[in-house]
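Next come the chains, spelled out residue by residue.
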Amino acid sequence: MAKHNHASLLANDDARLDRDTVRSALLDRCEELFRLAWGEPVRHGQEWRPKSNSGRSMAMRSPKRGQWHDFVSGTGGDILDFYAVEYCGLGAAKDDFPRVLIEAARYCGIDPGAPVDLSAMMARRAAQEVADRQSQEEQVQLKAGLVQALQA
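These remarks concern the structure in this document. Owing to the predicted nature of the structure, the values given are computational and were not obtained by experimental measurement.

## Here we look at the pattern of salt bridges
A side chain of one charge can pair with a side chain of the opposite charge when the charged atoms of the two come close.
Step number 1: The tally for this structure, following the rule as stated, stands at eight salt bridges.
Step number 2: Between Asp 20 and Arg 19 there is a salt bridge, and its shortest N-O distance comes to 3.8 Å.
Step number 3: Where Arg 61 meets Glu 31, a salt bridge forms, and the shortest distance between an N and an O atom there is 3.6 Å. Here Arg 61, found in the loop between strand S3 (56–59) and strand S4 (68–70), pairs with Glu 31, found in helix H3 (residues 30–38); they are 30 residues apart in sequence, far enough to count as distant.
Step number 4: Each of Arg 19, Asp 20 and Asp 78 takes part in a single network of salt bridges with overlapping partners.

Now the structure itself:
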């Protein structure tokens, strides 16, 4: 689809398809996107790195969920940039944002012509926030245990 077709599709459906909706849907699929693009992960605290290339990382359990960086190429960004680079073959989402938004929406099962079920998305977001808090609490407890062990 040409750029002008993407733009007209977004103009016709801008009330139904927006950046935050698509971004949230991609964040819900963060682990899946990581595995499809980079393979199986090695977990390093709140981030994942691919087993095959430790020069890449993606935050998985924090407010920075979906932020990624490729230390070798010096690229990185948010989950939309990740989708643009790894699935659309672009340098960043801004290179062809309408295309990235539409392709990412379709990947997530969002029909640009249909209304989005915000209640389901908000429920998934709330569940992810609970999981993030639990992970942070576990990290705090682990660090406190290490401090106690070192002091003993």
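## Quick notes on the packing of aromatic side chains
The geometry of an aromatic ring pair is captured by the separation of the ring centres together with the interplanar angle, meaning the angle of the planes.
Step number 1: For the structure on display, the rule yields nine aromatic pairs.
Step number 2: With a centroid separation of 5.3 Å and 75° between ring planes, the pair formed by Phe 34 and Trp 38 is classed as edge-to-face. Of the two residues, Phe 34 and Trp 38 are both situated in helix H3; the distance of four residues between them amounts to about one turn of the helix.
Step number 3: With a relative accessible area of 5%, Trp 38 lands in the buried category.
Step number 4: Centre to centre, the rings of Tyr 83 and Tyr 107 are 5.8 Å apart; their planes meet at 55°, and the pair counts as tilted. A residue pair is termed long-range when its members are at least 10 positions apart, and Tyr 83 in helix H4 (residues 79–88) and Tyr 107 in helix H5 (residues 97–107) qualify at 24 residues.

## Concerning helix H2 (residues 19–28)
Step number 1: All buried positions along H2 are accounted for by Thr 21, Val 22, Ser 24, Ala 25, Leu 26 and Leu 27.
Step number 2: For H2, the capping residue at the N-terminal end is Asp 18, with a side-chain oxygen 3.2 Å from the backbone nitrogen of Asp 20.

So, how was this worked out
Residues numbered from 1 in each chain as written. Predicted model: local features only at pLDDT ≥ 70, side-chain atom pairs only at ≥ 80, totals over all residues. Heavy atoms only, no water. Salt bridge = Lys/Arg side-chain N within 4 Å of Asp/Glu carboxyl O. Helix = DSSP H or I, 4+ residues; strand = E, 2+ residues; numbered from the N terminus. Phe/Tyr/Trp six-rings, centres within 6.5 Å; stacked < 30°, edge-to-face > 60°. Buried < 20%, exposed > 50% of the residue type's maximum accessible area, 1.4 Å probe, protein only. Polar contact = N/O pair within 3.5 Å; in protein donor to acceptor, adjacent residues only side chain to side chain.

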